[in-house]
Number of protein chains: 2
Amino acid sequence: MKAEIIAVGSELLTPDRLDTNSLFLTEELNKIGIEVVRKTVVGDDHDLLSEAFRDALNRVPLVISSGGLGPTEDDLTRETVADLLGRKLRRNDDILRYIEGRFRALGRDMPQVNVRQAMVPEGAEILENPRGTAPGLWLEDGDRAIALLPGPPRELKPLFREQVLPRLERRASGVRMFSRELRVTGLGESHVEQRIVGIYKRYAEVNTTILAAPGETQIHLRMWTGDAEHAKKTLDEIVSGFAIALTDRIFSQNGSSLEEVIAEELTLHNATISAAESCTGGLLAQRLTSIAGSSSYFLGGLVCYSNELKTAWVGVPAELIQAKGAVSPEVAIALADGIRRRVGSTFGVGITGIAGPGGGSEEKPVGTVHIALSHAGGVKERGVRFPGDRENIRWQASQLALDMVRVHFLYNGKQLPTRA
Amino acid sequence: MKAEIIAVGSELLTPDRLDTNSLFLTEELNKIGIEVVRKTVVGDDHDLLSEAFRDALNRVPLVISSGGLGPTEDDLTRETVADLLGRKLRRNDDILRYIEGRFRALGRDMPQVNVRQAMVPEGAEILENPRGTAPGLWLEDGDRAIALLPGPPRELKPLFREQVLPRLERRASGVRMFSRELRVTGLGESHVEQRIVGIYKRYAEVNTTILAAPGETQIHLRMWTGDAEHAKKTLDEIVSGFAIALTDRIFSQNGSSLEEVIAEELTLHNATISAAESCTGGLLAQRLTSIAGSSSYFLGGLVCYSNELKTAWVGVPAELIQAKGAVSPEVAIALADGIRRRVGSTFGVGITGIAGPGGGSEEKPVGTVHIALSHAGGVKERGVRFPGDRENIRWQASQLALDMVRVHFLYNGKQLPTRA
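Residues numbered from 1 in each chain as written. Chains lettered and ligands numbered in written order. Predicted model: local features only at pLDDT ≥ 70, side-chain atom pairs only at ≥ 80, totals over all residues.

Across its full length, chain A holds 13 helices and 17 strands. A separation threshold of at least 6 residues defines the contact pool for chain A, and within that pool the share at least 24 residues apart is 65%. (Helix = DSSP H or I, 4+ residues; strand = E, 2+ residues; numbered from the N terminus. Contact = placed C-beta atoms within 7 Å.)

The following block contains the structure:
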């Protein structure tokens, strides 16, 4: 079966808002053998919206839209689709009571505008949305089906999985998409390609995509088949080949981020970590603590921009900063050692560098970063010059710091005690 | 003039990658009176790609694509468009030398695969790309024009502005888009709508969109006209009305983020800030230091997850934590006061809360956050319960903390000394 996705919202035609939903929907649809043949973005305009739905329904038997179900005047999806199919809109009092209840639970009165969200086209099935005010709608018109979903991803996703997917599975064929995602750090797109092209070229039925992202390279494998065992065997074989070609550079085979990988290792080994950051300004601490339960391994972090605080907070000797400069291997090591000792954690990370755009010199240009990882057995330091802008440089620095922890566990993990 | 945008890349049909370029391109095009009538996403497949370009060229005189110009086998845009227009691909030795030079500057050899990026369709103009290896291409075919741009936003954006825009401006009409963006915090979408609907409804020629984002609500105003003065007057009038209706809740009228607004105020008043964070785990420090030049006002930050570090690093009395709990107004205030005094900054921010998903109780459910802002004249504390998941709660907490600083300047700024 083929489907089209329509993302509704004038905001999606500005530089301020991204349509993330169509990507989620595409993968969910692919998994059950439904191919997405087109994705369209249209604004909140009755005529343009109507044309987009009409054209899509002329081409494919399934149209899924996101957005335009909100309470405000510019939310037109309900009205437009009802008009297009020649259905009347009726107020549904169950929905109205539900919406009023949601506002009451937050101690607020329902604004009058929200009544719009209780309007339902004749013959539509209601897709309940416990995470938001606007319900989704499912409409059938002859052999065509339309799902109107709310725009916010955290409402759309569970609603799709719980209520749309079961309806679609009844209609779909046995062919499914099987996929793998490998994440690599420390090797650029071209170099990854060169190392693995000889391998993936041998598998014509597998689609391989190599993507560059800040601080990492991603490899996506996708394969469409009705034979799950064959898919697993083929993808396993390719991944094994890649793992040899890319040595220790693959940090994730399941989509995990570096901070998730580190979180698992730290938890497994009952180890703790702390960070003293200069140029990353708290980004490393923020990434480490973005994981639920991080309080069990992350003890504390310091953001010491000034030389005075490097000395006062972490004990970096003022003479060392004077002699070597704040951005130097020696200061990175002193930050890592200092924070580890002061906090009493298994690991200490020190980061110092020049994120720019100011502060660079010929000797130490913008992008120069020194990162040290300290533990009871010693310290490792790496000096790098990252390309890109301030945000990119900070991100890559945090990425390398996390990778240094990962690599430490990779080569020393077997000798470390693990949680009983 | 009408245009279509084609985003190329199988990765854009997965949940892992967003097409941000089409949004940037749409706004740039709108500004010079070119309307984007369709946005399409297609995968790296010769036939599908060819069909997308063919259909678009049959509908509109201008097609802009992003992506598919990389060095790898799955990058097919060059070949496909050359085939479609019946042009041969030729190797361009200037481009080849440039690519080799880029790799050499990084101390690396050019991988053989990158030769693909030096292939150019006959008659194409080369759009130089000093930020990446792949140049863009400009093709004309009768009265139709095609711009093939590289996928990475940091390459595409300057390339578009410097080389595509001048070519387009010659062709475009005098009608332009005029827009305003207001950012509001502390008021939800429905409540913003209710306060301003009476105002914007009076201006039929202005398109108003209200958008919910984590920790903020955005209002976009867009107007198409050839009369710049009329546009300015109309938009100014609407914005003045909104400012009254929304009291002090508008934090930005020019797209600035809260951290940018704070950065300006701190710099203007020669003031400095420091932060002691628990549940936000460095997010506030990271946001404050994401601004270039932040070292002039951000002195230092502490991430103290454990009670011990709250006491050791910021001097929060252990008995206070014992008596009131780590998540309490009193501890937030002690964190804010403590960090301000220890660092000697104008402002100190303390944040403590439960980001979840664990750690909540009936009395203090997940989402409970206390934030304090301390300065020499006193301290202000706010206790809130934020909805959403861990990431959302942390973001909203950092948003409120920044907003408390903004509001402080709003009501006290005039009495504060400013930089000479």
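Glancing now at helix H8 (residues 258-268) of chain A. Every buried residue of H8 of chain A is accounted for by Leu 258, Glu 259, Val 261, Ile 262, Ala 263 and Leu 266 of chain A. Residues of H8 of chain A that are buried sit in contact with strand S12 (250-252), strand S13 (273-277), helix H9 (283-288) and helix H13 (390-412) of chain A. (Buried ≥ 20, exposed ≤ 12 C-beta atoms within 10 Å, placed from the backbone.)

Ranked by size, the top nonpolar core spans 108 residues in total, and within it Leu 335 of chain A together with Leu 335 of chain B carry the most contacts. Leaving out residues up to four positions away in the same chain, Leu 335 of chain B has contacts with Ala 276, Lys 310, Val 314, Val 316, Gly 350, Thr 352 and Ala 372 of chain B. Counting 81 residues, the second largest nonpolar core, distinct from the first, contains Leu 13 and Leu 168 of chain A together with Ile 6 and Ala 147 of chain B. (Core = buried A, V, L, I, M, F, W, Y, C linked by C-beta atoms within 7 Å.)

Taken together, the 66 residues of chain B in the interface contact 66 residues of chain A. Sorting the residues of the side of chain B that touches chain A by element identifies helix H1 (21-31), strand S2 (35-42), helix H6 (189-200), strand S10 (206-213), strand S11 (216-225), helix H9 (283-288), strand S14 (298-304) and helix H13 (390-412) of chain B as the ones contributing at least two each. Looking at the side of chain B that touches chain A, the element that brings in the most residues is S14 of chain B, giving seven residues. Partitioning the side of chain B that touches chain A into residue classes produces 25 nonpolar, 27 polar and 14 charged. Bridge analysis of strand S14 (residues 298-304) of chain A against S14 of chain B gives five bridges, and the strand direction is antiparallel. Pairing of Val 303 of chain A across the sheet is with Gly 301 of chain B, part of S14 of chain B. (Nonpolar A, V, L, I, M, F, W, Y, C, P; charged D, E, K, R; others polar. Pairing = 2+ DSSP bridges.)

Residues and elements named next belong to chain B. Strand order in the open sheet made by the four strands is S10-S11-S9-S12, with antiparallel pairing throughout. Sheet topology places S10 and strand S12 (250-252) at the edges, where each strand pairs with a single neighbour. For this sheet the average axis-to-axis angle between neighbouring strands, irrespective of direction, equals 30 degrees. (Axes fitted to C-alpha atoms, helices over the stretch in contact; angles between N-to-C directions.)

Moving on: the sheet that holds strand S9 (residues 176-184) of chain A. Through backbone hydrogen bonds, the strands of a sheet pair up, either in parallel or in antiparallel fashion. Residues and elements named next belong to chain A. Strand order in the open sheet formed by four strands is S10-S11-S9-S12, with antiparallel pairing between adjacent strands. Each edge of the open sheet is held by one strand with a lone partner, namely strand S10 (206-213) and S12. Geometrically, the sheet is characterised by an average inter-axis angle of 30 degrees between neighbouring strands, direction not taken into account. Each of S9, S10 and strand S11 (216-225) touches helix H6 (residues 189-200); the most contacted strand, S10, lies at about 170 degrees to it. Helix-sheet contacts for helix H7 (residues 228-245) involve S9, S10, S11 and S12, and the interaxial angle to S11 is about 155 degrees.

A few words on the domain arrangement of chain A. Domain boundaries in chain A define domain 1 (2-169), domain 2 (176-252) and domain 3 (258-415). The straight-line distance from the C-alpha centre of domain 1 of chain A to that of domain 2 of chain A is 35 Å. (Domains from an automatic or database assignment.)

Let us now look at helix H10 (residues 307-314) of chain B. Looking only at H10 of chain B, the buried set comprises Leu 309, Lys 310, Trp 313 and Val 314 of chain B. Across the axial projection of H10 of chain B, the buried residues extend over an arc of 105 degrees, all falling on one side. On the buried face of H10 of chain B, the contacting elements are S14 of chain A together with strand S13 (273-277), S14, helix H11 (318-324) and helix H12 (329-343) of chain B. Count one or two residues on from H10 of chain B and you reach Gly 315 of chain B, which has phi positive near 75 degrees. (Arc of directions from axis to C-beta.)

For the rest of this paragraph, the subject is the relation of the copies chain B and chain A. Superposing chain B onto chain A requires a rotation of 180 degrees together with a translation of 0.1 Å along the rotation axis, leaving an RMSD of 0.2 Å. Interpreted geometrically, this transformation is the action of a two-fold axis. Counting the interface residues of chain B, we find that 98% of their copies in chain A are interface residues as well, pointing to one common contact surface. (Least-squares fit on C-alpha atoms with pLDDT ≥ 70 in both.)

Residue and element names in this part refer to chain A. Here H6 crosses H7 at 150 degrees, and the two axes come no closer than 9 Å. Overall, the two elements H6 and H7 adopt an arrangement that is roughly antiparallel. For the pair H6 and H7, the crossing hand works out as right-handed. Here Arg 195, Ile 196, Ile 199 and Tyr 200 of H6 come into contact with H7, specifically with Ile 238, Gly 241, Phe 242 and Ala 245. Of the residues contributing to the contact of H6 with H7, the split by class is six nonpolar, one polar and one charged. (Parallel < 35°, antiparallel > 145°, perpendicular 65-115°, else oblique. Left-handed = near helix turned anticlockwise from the far one by under 90°.)

Okay, unusual backbone geometry next. Residue Pro 357 of chain A is bonded to the preceding Gly 356 of chain A through a cis peptide linkage, with omega at 0 degrees. Its location among the elements puts Pro 357 of chain A in the loop between strand S15 (347-353) and strand S16 (368-375). Positive phi is not limited to glycine here, since Thr 247 of chain B has a value of about 45 degrees.

This part is about the packing of helix H2 (residues 46-59) of chain B against helix H3 (residues 77-85) of chain B. Residue and element names in this part refer to chain B. Where H2 contacts H3, the two axes come as close as 9 Å, and the packing angle between them is 55 degrees. If you check the angle between H2 and H3, you find them oblique. Along this stretch, H2 crosses H3, giving a crossing that reads as right-handed. Residues His 46, Leu 49, Ser 50, Phe 53 and Arg 54 of H2 form the contact with H3, whose participating residues are Thr 77, Thr 80, Val 81, Asp 83 and Leu 84. Of the residues belonging to the contact of H2 with H3, the class tally is four nonpolar, four polar and two charged.

What follows is about the confidence of the model for chain A. The predicted model of chain A averages 90 in pLDDT, with 97% of residues at 70 or higher. Predicted as a complex, the structure gets a pTM of 0.74 and an ipTM equal to 0.72. (pLDDT = per-residue confidence, 0-100.)

Assignment of secondary structure puts Thr 72 of chain A in the loop between strand S3 (62-66) and helix H3 (77-85). When the C-alpha atoms of Thr 72 of chain A and Val 115 of chain A are compared, they prove to be 9.8 Å apart, with 43 residues separating the residues in sequence. Ignoring sequence-local partners within four residues, the contact set of Thr 72 of chain A consists of Val 113 of chain A together with Glu 193 and Ile 210 of chain B.

Right, let's talk about the environment of Thr 234 of chain A for a bit. Relative to the helices and strands, Thr 234 of chain A is located in helix H7. Separated by 29 residues in the primary sequence, Thr 234 of chain A and Glu 205 of chain A place their C-alpha atoms 9.5 Å from one another.

Residues and elements named next belong to chain A. Across eight bridges, the pairing between S10 and S11 is antiparallel. Residue pairing across strands places Leu 211 opposite Gln 218, the latter belonging to S11. In this structure, the hairpin formed by S10 and S11 is closed by a connection of two residues, where Gly 215 is found at a positive phi of approximately 75 degrees.

Residue and element names in this part refer to chain A. With seven of its 10 residues buried, S11 lies for the most part within the structure. Where S9 lies against S11, nine bridges are found, and the strand directions are antiparallel. In the sheet register, Ser 179 faces S11, and the bridge partner there is Arg 222.

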